[in-house]
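# Architecture at a glance
Read off the chains here:
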Amino acid sequence: MTSEQSTPLRILKDDPSALAATGATILEVAPNAEWKVLIENDNAHIVQFYEEHAYLLDAVADYIANALRAGDAGVVIATKTHRDGIEQRLKLAGLDIDAAQAEGQYVVHDALNTLSQFMVDGTPDADRFNTTVGQIVRTAVASYPRVRIFGGMVALLVADGRYDATLELERLWNELQ
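Residues numbered from 1 in each chain as written. Predicted model: local features only at pLDDT ≥ 70, side-chain atom pairs only at ≥ 80, totals over all residues. Heavy atoms only, no water.

### Some thoughts on the sheet that holds strand β1 (residues 73–78)
Strands sit in the order β2-β1-β5 across an open sheet of three strands; the sheet is parallel. Each end of this open sheet is capped by a strand with a single partner; those strands are β2 (106–110) and β5 (147–151). Strand-to-strand twist of the sheet, defined as the mean angle between neighbouring strand axes without regard to direction, takes the value 10 degrees. Pairing of β1 with β2, which is carried by five bridges, proceeds in the parallel orientation. Its bridge partner lying in β2, V76 is registered against V108. Sheet contacts for helix α9 (residues 126–143): β1, β2 and β5; angle to β1, the most-contacted strand, approximately 160 degrees. (Pairing = 2+ DSSP bridges. Helix = DSSP H or I, 4+ residues; strand = E, 2+ residues; numbered from the N terminus. Axes fitted to C-alpha atoms, helices over the stretch in contact; angles between N-to-C directions. Contact = heavy atoms within 4.5 Å.)

### Focus: the packing of aromatic side chains
Enumeration over the complete set of coordinates arrives at two aromatic pairs. When the centroid spacing of 5.1 Å and the interplanar angle of 90 degrees are considered together, the rings of F118 and F129 count as edge-to-face. With F118 in the loop between α8 (111–116) and β3 (119–120) and F129 in helix α9, this residue pair connects regions lying 11 residues apart in the sequence. Aromatic pair F129 and W173: ring centres 5.4 Å apart, planes at 80 degrees, arrangement edge-to-face. Of this pair, F129 sits in helix α9 while W173 sits in helix α11 (residues 163–176), and the two are 44 residues apart along the sequence. Assigned by exposure class, F129 and W173 land together as buried. Linked through ring pairs, F118, F129 and W173 together constitute an aromatic cluster. (Phe/Tyr/Trp six-rings, centres within 6.5 Å; stacked < 30°, edge-to-face > 60°. Buried < 20%, exposed > 50% of the residue type's maximum accessible area, 1.4 Å probe, protein only.)

### Brief notes about the pattern of salt bridges
Scanning all chains against the criterion turns up eight salt bridges. Between E175 and R171 there is a salt bridge, and its shortest N-O distance comes to 2.2 Å. Taken together, the positions of E175 and R171, both in helix α11 and four residues apart, correspond to about one turn of that helix. The exposure class of E175 is exposed, given its relative accessible area of 52%. Overall, the relative accessible area of 34% leaves R171 in the partly exposed class. Via salt bridges that share partners, E168, R171 and E175 belong to a single interconnected network. (Salt bridge = Lys/Arg side-chain N within 4 Å of Asp/Glu carboxyl O.)

### Examining the pairing of β5
On any regular strand, side chains alternate: one points to one face of the sheet, the next to the other face. Burial along β5 is one-sided: R148 and F150 are buried, and none of V147, I149 and G151, which face the opposite way, are. In this sheet, β5 lies alongside β1 in parallel orientation, the contact comprising five bridges. If you follow G74 over to β5, its bridge partner there is R148.

Structure, rendered in structure tokens:
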């Protein structure tokens, strides 16, 4: 990352509303995330910025498909549109999604519903997050050696312009990890 890119990213972290003053968009300053890192590193956590939903859906489906093929669990917390797109791609990849769901290997949750379970006054509540999302993870870990998770809740907060809540949710994901 160049020094020109680090300043807007630091601004986004420290004061998300100040990014507009730089004249740059988040897609111009954000580094391209490498999903391969997630596959190679058991504890990696990335934030993916994207313009095209197809790009995101392809990346997530590949990430989850690799988990299922390896005998690991795949958890998707996403909007209906994204869940449907991911599932379609998983089926096209030859995976038996119904069987994986029945076995608890492939777990799906609605992003908005899940988010609503731990938000308090517009901010993620740590205890509720750990209860809600933590239970999803604990259930998967109880049966599978590794769990790969895609969470689409951050995108909902960003779309609403709730940047402080977005950063707090990212912090909670990091702690849960």
